[in-house]
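The primary structure of each chain is shown beneath.
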Amino acid sequence: MSRSLTSSINQKIEHLLNYPGCGHIELNSRKAIWTSSIFGFIHVFILTFSFLFFVPELTILIRYGFACLFLLIIALTVIPVITRYFKHYITFHLLGLVFVTFYTIYQLGGIVTSAGLIVASFSFVLLSIPLQSVPITIVLFSVYFGLTASIGFLDPYLSVPEQITPSRNSIIWMINTLSMSALSLIFVVDFITKQHQFEKLEANKQKELNDAKTKLFTNITHEFRTPLTIIQGMTDLIQKHPEEWLKEGTDKIRNNSFLLLRLINQMLDIAKIETGSMSLQMKQADIVSFIGYVTELFRSVAIDKNINLRYIRNETPIYMDFDPDKLVHIISNLLSNAFKFTSQGGSVTIKAVLNNAQDYILIEVADTGIGIKPEHLDRIFDRFYQVGNSSGSKGGTGLGLALTKEMVELLDGRIWAESQRAIGTIFHVSLPVTRKATVSQHENLAELLNDLTTAAFAGVSSSKTPLASKKADHYSIPTIVIVEDSQDVALYLEAILRQEYHVEKAPDGKAGFDKILQVIPDIVLSDVMMPEMDGIEMLEKLKSDFRTSHIPIVLLTAKADHDSRLTGLARGADAYIAKPFHENELHVQLKNLIEQRKKLQERYSTLAEFPETSDESIKAEDSFMIRVRNILEKNLGNDEFDIHDLCRELAVSHAQLYRKFKSLSNHTIADYFKLLRLHKSRELLTKSDLNITQIAFTVGFKNLSYFSREFTEQFGISPGKYRKQ
Ligand code: ATP
Ligand code: MG
């Protein structure tokens, strides 16, 4: 209760004393001085009015009290409104109090008969500490020392007025000393606590900075590893099958090395801007056609992603100065974001028009994508800032917009964004129209770009390449589902795995989960950072769904750091492979896991009791098998019961149950059911008095000769002979 009261008072005081642009430290010193003035005011008020009513002859002290109250009232009203000259004002205010006090001490006849005012004046000097200015504190202390010394020297020439009797002097001395030391104590303790809070705040800030750095490193390594994986993998493929992979492989290597180059350039640009060494190379040319040219570079991405790309251009050409390299970066960063955050069937529109006064060109990039919440909107231009999960899994470093903004400002322009969640985002760029640079002689606008910039586009352009259709027969070999958002990586994985696996692919965790439910593969290979649903979330869903819990899952990811490896394994990943990896490493891992599954089949292929285990995942499979077996056993005598009834009871599809059951036990359900019936009949043959026909009926065989044949085949002995034995 009292805590909430103090904190609400504290908030009110902060509200009163704060002003736009006021830092933490400054607010703190304003607060310290203002609150001490309040306490001082109350103290002086009580004393002065007590004197006035009870000892009105103490005129010197009453006058002094009113003088102090006057100065304090001014301070209390001025402090909340003064901003720029705060320190100056407080210095004068404190000096005023010190001078008035020493004048009163002079009137009272010296230090000894000062009724404790010498102590009071020392607290005024102390009040300079929150200003955190060494010169101001030195000035105040020097004045204090000087005045104290002067009064000391003058002492023999001063006379004590009659009103100050020794007893009054000592009582007021005591009151003043006590209250002033109490005030000083509160003030110093408060100041030290605040200082500690600052240190904590500082430490938190430092931690945030470190976290941001770690995140940056993780992101950057991810960005580096993915292209490197493809380059390494393609090199291996070309070496092994040059005739098949030479063309496609070298294309991929080139594209991915351009991607790496783009990343490095982005980082260098940031460093350049930071050191102020980024220069402008202005050319005068038609900016409308130039933007059209840059937009066309994204055409293949648009077709690839099935997104409608439109360019609404100013009706007439606009000849103006611009730096082609910077402009290409600005437009391509905005367009690549628009494509990144817009899903299939959406649209991206870019517009370039002049404002009414014709002194600015307004460029707009609008998309119908996921949008940005208002609370994130003013932070997206910060370096490394990415909105939540959704963008983190789409890759990128969060540098794009920061760099874009810096470049726009370098061109004396402005950039801002409007957005509505789930509706879309519009980025606006306005650039001043000037015509001072030399007119470009280039006929072809593309020539305005230097090589590096053109290289930057290799990374964003389309990467769809039809797969060589050399698929193995997929019934005899295991099925693998590859869940990977990078088309290039998926293509490469398919290329190295399709000889030994029937390969199915999905572009993100959500689609991956659906695909896996549909095909119930023998193994899953999944990336971690993906849009829609990331690899870890998919893994959790698969492992907690009994239809898919048995499938081994390998996480393939660039997040090679220790933490994410642990997260993956803790959630039940069966293996973890870091990009870039070696082809053989992947093959060996996958084979091992499939072999391990085969071993598990031994556990379920007979009807024997399962051996004890401490492995939670095996326990889960045990309970699935027990559930199936219980249902089947309940229906042993029911010859109408078939696999569809079982599927209904388990709430799975026929195909799902078939694949799961087969991969766990290496039996089909029908075989297993028959096995159960035969075992039950064998048990009844020894333990019951029923005749063989009755037993056959009890376990669901309607046809006696069929029963005998199956029994003999299974146990190598006919039911009749078995009973006799
Ligand atoms: P990089 O551009 O460095 O590869 P990035 O695209 O994540 O990485 P920025 O371009 O700086 O980084 O964008 C910052 C964040 O702003 C993005 O991560 C995303 O969350 C959000 N964002 C940017 N553009 C859009 C957009 N058109 N629609 C929705 N969100 C966007
Ligand atoms: Mg971006």
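Every value quoted in this text rests on a predicted model; they were computed, and no experiment measured them. (Residues numbered from 1 in each chain as written. Chains lettered and ligands numbered in written order. Predicted model: local features only at pLDDT ≥ 70, side-chain atom pairs only at ≥ 80, totals over all residues. Heavy atoms only, no water.)

> What is the right way to read the packing of aromatic side chains from this model?
Any aromatic ring pair is given by two values, namely how distant the centres are and how the planes are angled relative to each other. Going through the model one piece at a time under the given rule, you end up with 20 aromatic pairs. With a centroid separation of 6.0 Å and an interplanar angle of 25 degrees, the aromatic rings of Phe41 and Phe45 are classed as stacked. Residue Phe41 and its partner Phe45 are both found in helix 2 (residues 24-54); the two are separated by four residues, about one turn of the helix. The exposure class assigned to Phe45 is partly exposed, which follows from its relative accessible area of 38%. One aromatic cluster is present, formed by Phe102, Phe122, Phe141, Tyr144 and Phe145 through successive ring pairs. A cation sits over an aromatic face here: Arg30 above Phe86, 5.0 Å from the ring centre. In this structure, Arg627 packs its charged tip against the face of Phe546, placed 5.5 Å from the ring centre. (Phe/Tyr/Trp six-rings, centres within 6.5 Å; stacked < 30°, edge-to-face > 60°. Helix = DSSP H or I, 4+ residues; strand = E, 2+ residues; numbered from the N terminus. Buried < 20%, exposed > 50% of the residue type's maximum accessible area, 1.4 Å probe, protein only. Lys NZ or Arg CZ within 6 Å of the ring centre and 35° of its normal.)

> Got a minute to help me understand the packing of helix 21 (residues 616-634) against helix 24 (residues 669-687) in this structure?
Two quantities define a packed helix pair, namely the angle between the helix axes and the distance between the axes. Between helix 21 and helix 24, the shortest axis-to-axis distance is 10 Å and the interhelical angle comes to 60 degrees. Relative to helix 24, the element helix 21 lies oblique. Note that helix 21 runs across helix 24; the crossing there is right-handed. Across from Met625, Val628, Arg629, Leu632 and Glu633 in helix 21, the residues of helix 24 making contact are Ile669, Tyr672, Phe673 and Leu676. Its residues assigned to classes, the contact of helix 21 with helix 24 shows seven nonpolar, no polar and two charged. (Axes fitted to C-alpha atoms, helices over the stretch in contact; angles between N-to-C directions. Parallel < 35°, antiparallel > 145°, perpendicular 65-115°, else oblique. Left-handed = near helix turned anticlockwise from the far one by under 90°. Contact = heavy atoms within 4.5 Å. Nonpolar A, V, L, I, M, F, W, Y, C, P; charged D, E, K, R; others polar.)

> Would you mind going over empty space enclosed by the protein with me for this structure?
Leftover empty space is mapped by rolling, across the atoms, a probe with the size of a water molecule. Per the counting criterion, the structure on display carries two cavities of 30 Å³ or more. Approximately 50 Å³ is the volume attributed to the second largest cavity. Around the second largest cavity sit Ile25, Asn28, Ser29, Pro130, Gln132, Phe191, Gln195 and Phe198, which together line it. Counting residues per element, the ones that place at least two in the lining of the second largest cavity are helix 2 and helix 7 (166-240). When the residues that make up the lining of the second largest cavity are grouped by side-chain class, the tally is four nonpolar, four polar and no charged. (1 Å grid on protein atoms, 1.4 Å probe; cavity = no way out; pocket = protein on both sides within 12 Å on 5 of 7 lines; lining within 4 Å. Points joined across faces, edges and corners; volume = space filled by probe spheres on them.)

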